[in-house]
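# Architecture and fold: a report
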Amino acid sequence: VQLQASGGGLVQPGGSLRLSCAASGSISKIYMMGWYRQPLGKQREFVAFITNLGSTNYATSVEGRFTIGKNSAKNMNMVYLQMDSLKPEDTAVYYCNAMSPEGGHWGQGTQVTVSS
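Let us look at the structure shown here.

Side chains of nonpolar character tend, in soluble globular proteins, to be buried together. Met33, Trp35, Leu81, Met83 and Tyr94 are the most contacted members of the largest nonpolar core, which has 29 residues in total. Of all elements in the fold, only strand E1 (2–6), strand E3 (17–24), strand E4 (32–38), strand E5 (45–51), strand E7 (66–70), strand E8 (78–83), strand E9 (92–100) and strand E11 (110–114) reach the threshold of two or more residues within this core.

In C-alpha cells:
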C-alpha cells in the first residue's frame, strides 16, 4: 500500500484546510485509514480515523472542528480530512496512515501552519 498526502499549507486562525490522502496498491485489504500529526519538537499524535464501514473516531482536541471522510463507499482509495476553525495549536506535519492485515502504512507528511 502506498499513500500520497496533499493539501497542507498556511492558513489564518479560524480558517479551513482540506487534506487528502490517495491510496494505491492493495487497497482492497485496507480496513482503516487515519490521520496523525506531529508538532515541531513533539511526538506524533492521533487525529482521526475512518473504517472501511464508515465508522469514525476523533481526538478530543479536534472533535467538532475536523471531519474525516472517504470518497468511495466501497473502498479506501481516497480519504480526506476537512479542518475547520483552525487554531495555532493545530500547526504540525500531518501524516496519513492506512491499516491492512500486513500492518501499518504511512504516507509522507504535509505541513499545516496556522498563523496570522
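This part is about the sheet that holds E7. What the 4 strands build is an open sheet, ordered E1-E3-E8-E7; its pairing is antiparallel. On the outer flanks of this sheet lie E1 and E7, each paired with one strand and no other. Within this sheet the neighbouring strands show an average axis-to-axis angle of 15°, counted without direction.

Below, the discussion takes up the pairing of E1. Alternating residues of E1 divide into Leu3 and Ala5, all buried, and Gln2, Gln4 and Ser6, none buried. Bridge count for E1 against E3 is 5 bridges, and the pairing is antiparallel. Considered in E3, the bridge of Ala5 is made with Cys21.

Attention shifts here to the pattern of salt bridges. Applying the stated rule across the entire model yields 4 salt bridges. The closest approach of N and O atoms between Lys29 and Glu102, which form a salt bridge, is 3.5 Å. Note that Lys29 is positioned in the loop between E3 and E4 and Glu102 in the loop between E9 and strand E10 (103–106), a separation of 73 residues in sequence. In this structure, Arg37 and Asp90 form a salt bridge, with 2.9 Å as the shortest nitrogen-oxygen distance. Note that Arg37 is positioned in strand E4 and Asp90 in the loop between E8 and E9, a separation of 53 residues in sequence. With respect to class, Arg37 is no different from Asp90; both count as buried. Overlapping salt bridges bring together Arg37, Glu45, Arg65 and Asp90 as one network.

Right, let's get into the packing of aromatic side chains. Tallied over the full model, the rule gives 3 aromatic pairs. Taking the centre distance of 5.7 Å and the plane angle of 70° together, the rings of Tyr36 and Phe46 count as edge-to-face. Remark: Phe46 occurs in strand E5 and Tyr36 occurs in strand E4; sequence separation between them is 10 residues. Here Phe46 and Phe49 contribute two aromatic rings whose centre-to-centre distance is 5.9 Å and whose plane-to-plane angle is 50°, an arrangement assigned as tilted. Joined through ring pairs, the aromatic side chains of Tyr36, Phe46, Phe49 and Trp106 make up one cluster. Positioned above the aromatic ring of Tyr80 is the side chain of Arg18, whose terminal nitrogen or guanidinium carbon lies 3.9 Å from the ring centre. The ring of Trp106 is capped by Arg44, whose NZ or CZ atom sits 4.6 Å from the centre of that ring.

Calculation criteria
- Residues numbered from 1 in each chain as written.
- Predicted model: local features only at pLDDT ≥ 70, side-chain atom pairs only at ≥ 80, totals over all residues.
- Heavy atoms only, no water.
- Core = buried A, V, L, I, M, F, W, Y, C linked by side-chain atoms within 4.5 Å.
- Buried < 20%, exposed > 50% of the residue type's maximum accessible area, 1.4 Å probe, protein only.
- Helix = DSSP H or I, 4+ residues; strand = E, 2+ residues; numbered from the N terminus.
- Pairing = 2+ DSSP bridges.
- Axes fitted to C-alpha atoms, helices over the stretch in contact; angles between N-to-C directions.
- Salt bridge = Lys/Arg side-chain N within 4 Å of Asp/Glu carboxyl O.
- Phe/Tyr/Trp six-rings, centres within 6.5 Å; stacked < 30°, edge-to-face > 60°.
- Lys NZ or Arg CZ within 6 Å of the ring centre and 35° of its normal.

In short, shape yes, function no, at least from these values alone.
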